[in-house]
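Coordinate inspection notes
Below, each chain spelled out in residue letters.
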Amino acid sequence: MSEAVFGPGTPGVVEGAPETVECDVAIVGSGMGGATTAWALRESGARVLVIERGDFAPREYQNWSPRAVFREGRYKNADTWVGGDGRRFTPGYYHFVGGSTKLYGATLPRLREADFGEIRYEDGLSPAWPISYEDLEPFYGEAERLYLVHGDGADPTEPRRSTAFPYEPIPHEPPIEKLAERLRGQGIRPYHLPQALDRRAGGNCVLCRTCDAYICMLDAKGDADLCAMRPAIEGPDVRLMTRTTVARVVTEGGAVAGLEASRDGRRIQVKAKRYVLAAGAMSTAALLLSSDGPGGGGVANSSGQVGRNYMAHTCTFVAGVRPGRDPHFVYHKTMGISDWYEAGPGTPFPLGNIQSLGKLTGTTIKAARPWAPTAILDWFTRRSVDLFAQTEDVPLPENRVAVEADGSKRLHWRPTNLGPHGELVKRASGALRKAGYPLVFTQQLGIEATSHQSGTARMGTDPTTSVVDPGCRTHDLDNLWILDSSFFCSSGAMNPALTVAANALRVVESGVLTG
Ligand SMILES: Cc1cc2nc3c(=O)[nH]c(=O)nc-3n(C[C@H](O)[C@H](O)[C@H](O)COP(=O)(O)OP(=O)(O)OC[C@H]3O[C@@H](n4cnc5c(N)ncnc54)[C@H](O)[C@@H]3O)c2cc1C
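Residues numbered from 1 in each chain as written. Predicted model: local features only at pLDDT ≥ 70, side-chain atom pairs only at ≥ 80, totals over all residues. Heavy atoms only, no water.

Considerations on the environment of Thr37
- Inspection of the secondary structure puts Thr37 in helix α2 (residues 32–41).
- For Thr37, a relative accessible area of 0% puts it in the buried group.
- C-alpha separation for the pair Thr37 and Pro345, spaced 308 residues apart in sequence, amounts to 42 Å. (Helix = DSSP H or I, 4+ residues; strand = E, 2+ residues; numbered from the N terminus. Buried < 20%, exposed > 50% of the residue type's maximum accessible area, 1.4 Å probe, protein only.)

Dropping the structure here:
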């Protein structure tokens, strides 16, 4: 069966539902971790099969419709989960080729050097990683090239770089430039956000309003589908099986013996020499926890840490309104502020990072203000500059993914670092007011905001307190690696996806998946 799947002339996307597929490396998930791994393996000589639950994201008019996306939830295709309080919710992650990056905001910062060390907060310890920033540095550069990152490096906390940003920063629109100028007048040092967009000469990106949280109709976002998965399957050795859900990791004597999956109601067995889980931090943990049946302790879980230490960032939308003329914002996601990222004289704890968001509209915020007429919300959001304040979420064992005896998936999470986060929101609001936006509205995000999920199979050298080793191989199973955001030891206060990609490149480069 494997001959029909691999080789020159076979389709990159596997057709039909073969009963058994054999390969050298089986990768579960085609998101940032999975697709980057497949791309990095494309010329290794290994036969690589990527198994993806979702299909290619549809290209259609509704891609750019706030109503279809936010009111009708047209692309919300994650399973329903139950919160610690028993309330059911649909998390904000997505099953498409490219995973959540199909809808992401495409802001791709590196973590800072200090994020890899220990930081003590009132709410707990952000532990040191067993790898350093320097171990990832060259791979951050490679990931920035792969994902078309535009930036200026003017962030005052920008870590050491051996390579410049591959592309020029995305210019601010005039009202954002004016805001940046006024912030500089307050001693704040705004910079251009590192954005993954195809603004190369002849690139497709038109800098529209419908980028962050939307699927790009023009294939112009630097996402894992376009930049990694599609190029990877052009060669003979990487194949993608869409609409295929892995339900179980089967183990035998200290190794993975196979994966059980289903496609269009038919069962498929995948046999490989090596296996990579990259299903996203929540789904990877749920898959491991449910793989040995109800009541079992879970696969690769001798430490009892699988599913624990879930992190998501503590986040708030901060919208500053300047009544008066409509400034006609279009693509206003270009400005970042890191002045309070590190502890300092006025900040005993790191407070976090602030970024401009994809433009809010009345429809996007209607769910948060259901009593307000949409026309009023539209009036405000046309005049608002919208920021996103994010603070590090500390890993706690009780913040975790669990799978109940009946198979239902539960997420226990209480946001951490609310003190530093409140201070960050206060400073952002104050800076906006002083800069001429007198009305400021804030909205803290809840458990549904899982987009920056990480940490459920953390990396470490001690097999009793961590799930994977510094090379991301599970301590328990010789031929199983975890290469999505599950391996994070701490979350920092920067968006996670570039670190997921850089780490996948690092692990492939080390040769462990092919040697
Ligand atoms: C709206 C939104 C905005 C975001 N903005 C940013 C941003 O600006 N910057 C940033 O850095 N990050 C952002 N993120 C987060 C970013 O997308 C994630 O950090 C990143 O995609 C994580 O990569 P991953 O490989 O861990 O998981 P994913 O990219 O989510 O990939 C997991 C893949 O596994 C598949 N899968 C799951 N279960 C199974 C199964 N059982 N069998 C087969 N396949 C399975 C899924 O369908 C999915 O394709 C955003 C996310 C969202 C939702």
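Looking at the sheet that holds strand β20 (residues 439–444)
- Pairing is antiparallel across the open sheet formed by six strands, whose spatial order is β8-β15-β16-β17-β14-β20. Strands with a single pairing partner mark the edges of an open sheet, and in this sheet they are β8 (191–192) and β20.
- The pairing of strand β14 (residues 314–321) with strand β17 (residues 384–391) spans eight bridges and is classified as antiparallel. Directly across from Ala319, in β17, lies its bridge partner Asp386.
- This element, helix α5 (residues 174–185), spans β15 (335–337) and β17 of the sheet and lies at about 20° to β15. (Pairing = 2+ DSSP bridges. Contact = heavy atoms within 4.5 Å. Axes fitted to C-alpha atoms, helices over the stretch in contact; angles between N-to-C directions.)

Here's the deal with the nonpolar core
- Counting 114 residues, the largest nonpolar core has Leu49, Tyr147 and Met229 as the members making the most contacts within it.
- It is helix α11 (residues 497–509) that provides the largest number of residues to this core, a total of eight residues.
- If near-sequence neighbours (up to four positions away) are discounted, Tyr147 is found in contact with Met32, Thr36, Leu108, Ala196, Leu197, Gly222, Asp223, Ala224, Cys227, Ala228 and Ala501.
- In this structure, Leu183, Leu351, Ala428 and Tyr437 belong to the second largest nonpolar core, which totals 23 residues. (Core = buried A, V, L, I, M, F, W, Y, C linked by side-chain atoms within 4.5 Å.)

What about the pairing of β14?
- Counting buried residues in β14 gives seven out of eight residues, a clear majority hidden from the surface.
- In terms of strand pairing, β14 meets β20 through six bridges, oriented antiparallel. Across the sheet, Phe317 pairs through a bridge with Gln443, a residue of β20.

Quick word on α11
- Helix length check: α11, at 13 residues, gives a terminal C-alpha distance of 19 Å against a target of 18 Å (1.5 Å per residue), a fit within 8%.
- For α11, the buried fraction is high: 12 of the 13 residues fall into the buried class.
- Residues of α11 that are buried: Ala497, Leu498, Thr499, Val500, Ala501, Ala502, Asn503, Ala504, Leu505, Arg506, Val507 and Val508.
- Taken together, the buried residues of α11 touch α2, α4 (133–146) and β21 (480–482). (Expected span 1.5 Å × (residues − 1).)

Description of the site of the ligand
- Neighbouring the ligand are 37 residues, the closest being Gly33, Glu52, His95, Thr107 and Ala497.
- At a separation of 2.7 Å, an oxygen atom of the ligand approaches a polar side-chain atom of His95.
- In this structure, an oxygen atom belonging to the ligand sits 2.8 Å away from a main-chain N or O atom of Ala497.
- Here the ligand, which alone exposes 980 Å², has 93% of that area covered by the protein.
- Elements with a contribution of two residues or more to the shell around the ligand: α2 and β11 (244–252).
- Among the elements that line the shell around the ligand, the one with the most residues is β11, at three residues.
- Taken together, the residues that form the shell around the ligand break down as 15 nonpolar, 19 polar and three charged. (Near = heavy atom within 4 Å. Polar contact = N/O pair within 3.5 Å; in protein donor to acceptor, adjacent residues only side chain to side chain. Areas by Shrake-Rupley, 256 points an atom, 1.4 Å probe, with all protein chains shown as cover. Nonpolar A, V, L, I, M, F, W, Y, C, P; charged D, E, K, R; others polar.)

Observations concerning helix α10 (residues 418–434)
- Between its terminal C-alpha atoms α10 stretches 24 Å, which fits the 24 Å expected from 17 residues at 1.5 Å a residue.
- Where α10 is concerned, the buried positions are Pro420, His421, Leu424, Val425, Ala428, Ser429, Ala431 and Leu432.
- Here the buried face of α10 lies against α5, β14, β16 (353–356), β17 and β20.
- Looking one or two places after α10, you find Gly436, whose phi comes out positive at around 105°.

Side note on the packing of aromatic side chains
- The tally for this structure, following the rule as stated, stands at 12 aromatic pairs.
- Arranged with centres 5.6 Å apart and planes meeting at 75°, the rings of Phe70 and Tyr214 form a pair that is edge-to-face. Separated by 144 residues along the polypeptide, Phe70 in helix α3 (residues 66–71) and Tyr214 in the loop between β9 (195–196) and α6 (224–232) bring together distant segments of the chain.
- Judged by its relative accessible area of 34%, Phe70 falls in the partly exposed class. (Phe/Tyr/Trp six-rings, centres within 6.5 Å; stacked < 30°, edge-to-face > 60°.)

Concerning the packing of α4 against α11
- The interhelical angle for the contact between α4 and α11, taken along N-to-C directions, is 110°, at an axis separation of 8 Å. Regarding the angle of α4 to α11, the classification is roughly perpendicular. The way α4 lies across α11 gives a crossing that is right-handed. Contacts between α4 and α11 involve Asp135, Leu136, Phe139, Tyr140, Glu142, Ala143 and Glu144 from the first element and Leu498, Thr499, Ala501, Ala502, Asn503, Leu505, Arg506 and Glu509 from the second.
- Taken together, the residues of the contact of α4 with α11 break down into eight nonpolar, two polar and five charged. (Parallel < 35°, antiparallel > 145°, perpendicular 65-115°, else oblique. Left-handed = near helix turned anticlockwise from the far one by under 90°.)

Observations regarding the layout of surface pockets
- Within this model, the second largest pocket holds a volume of roughly 300 Å³.
- When grouped by side-chain class, the residues that make up the lining of the second largest pocket number six nonpolar, one polar and five charged. (1 Å grid on protein atoms, 1.4 Å probe; cavity = no way out; pocket = protein on both sides within 12 Å on 5 of 7 lines; lining within 4 Å. Points joined across faces, edges and corners; volume = space filled by probe spheres on them.)

A closer look at the sheet that holds strand β19 (residues 409–412)
- Read from one edge of the open sheet, four strands run β4-β3-β19-β18, paired in mixed fashion. The open sheet terminates on both sides in strands that have one partner only, identified here as β4 (88–89) and β18 (400–403).
- With four bridges connecting them, β18 and β19 associate as antiparallel partners. Among the inter-strand pairings, Ala402 is bridged to a residue of β19, identified as Arg410.
- Those strands touched by helix α7 (residues 281–290) are β3 (81–83), β18 and β19, and its axis lies near 40° from that of β18.

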